[in-house]
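# Observations on the three-dimensional arrangement
Below, each chain spelled out in residue letters.
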Amino acid sequence: MAAEEGATAVVDYSLAIVLAASVIGAGFAMGMGALGPGSGLGQATSGAANAVGRNPEAQGKILLTMLVGMAMTESVAIYALVIALVIMYANPLVGIITG
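Below or above, wherever it landed, is the structure these notes cover. (Residues numbered from 1 in each chain as written. Predicted model: local features only at pLDDT ≥ 70, side-chain atom pairs only at ≥ 80, totals over all residues. Heavy atoms only, no water.)

### Here's the deal with the overall build of the chain
Scanning the chain from terminus to terminus reveals 4 helices and 0 strands. Listed by position from the N terminus, the elements making up the chain come as α-α-α-α. Relative to the globule expectation of 13 Å for 99 residues, the C-alpha radius of gyration of the chain, 25 Å, shows a markedly less compact shape. If one aligns the C-alpha atoms of the chain with their principal axes, the spans along those axes are about 90 × 20 × 10 Å. Per-residue burial for the chain yields a buried fraction of 16% across its 99 residues. Across the chain, the fraction of contacts at a sequence separation of at least 24, relative to all contacts at a separation of at least 6, is 79%. Accessible surface, the chain as shown: approximately 7300 Å² in total, 71% of it carbon and sulfur. (Helix = DSSP H or I, 4+ residues; strand = E, 2+ residues; numbered from the N terminus. Rg over C-alpha atoms; globule rule 2.2 N^0.38 Å. Buried < 20%, exposed > 50% of the residue type's maximum accessible area, 1.4 Å probe, protein only. Contact = heavy atoms within 4.5 Å. Areas by Shrake-Rupley, 256 points an atom, 1.4 Å probe, with all protein chains shown as cover.)

Structure below.
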């Protein structure tokens, strides 16, 4: 019995490591996924403002083209959000590790 009392318990941290890596990966995915669309939206707005300043008669066409371009650019950030949510909440590695 003395040997059983002195034995140390072995703790498996693999689930905690996978969950921590998932949270870090999701944060990194959102950060990197927001950088490109953020700068793209800024450049699109700047270009549209310059174009309207040079040719005010074409404001309707420029606005329509800018809004369509901004919507397509924003979809990249939405894809990054979806990937981050999948990494955090539907991670297949958690099922493999927990058995």
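### Quick notes on helix 2 (residues 14-54)
The end-to-end C-alpha separation of helix 2 is 60 Å, in line with the 60 Å expected for 41 residues at 1.5 Å each. If you check which residues of helix 2 are buried, you get V18, S22, A26, A29, G33, P37, L41 and A48. Buried-residue contacts for helix 2 involve helix 3 (59-89) and helix 4 (92-98). (Expected span 1.5 Å × (residues − 1).)

### Digging into the environment of I96
When you line up the elements, I96 lands in helix 4. On the basis of relative accessibility, which here comes to 63%, the residue I96 falls in the exposed class. Between the C-alpha atoms of I96 and A44, which are 52 residues apart in sequence, the distance is 44 Å.

### Thoughts on the nonpolar core
The biggest cluster of nonpolar side chains holds 6 residues, and these are L41, A48, A58, I62, M66 and M70. Secondary structure elements with two or more residues in this core: helix 2 and helix 3. (Core = buried A, V, L, I, M, F, W, Y, C linked by side-chain atoms within 4.5 Å.)

### Comments concerning the side chain of S22
Along the polypeptide, S22 turns up in helix 2. In terms of polar contacts, S22 uses its side chain to reach the backbone carbonyl oxygen of V18, at 2.8 Å. The contact partners of S22, leaving out residues within four places of it in the chain, are I87, M88 and N91. (Polar contact = N/O pair within 3.5 Å; in protein donor to acceptor, adjacent residues only side chain to side chain.)

### Quick look at a nonpolar patch on the surface
A cluster of nonpolar side chains, L15, L19, L93, I96 and I97, forms an exposed patch at the surface whose accessible area comes to about 420 Å². Elements with a contribution of two residues or more to the nonpolar patch: helix 2 and helix 4. In terms of residue count, helix 4 provides more of the nonpolar patch than any other element does, 3 residues in total. Classification of L93 as partly exposed rests on a relative accessible area of 45%. (Patch = residues over 30% accessible without salt bridge, like charges linked within 9 Å, V, L, I, M, F, W, Y side chains within 5 Å. Salt bridge = Lys/Arg side-chain N within 4 Å of Asp/Glu carboxyl O.)

Just distances and angles here, no functional claims.
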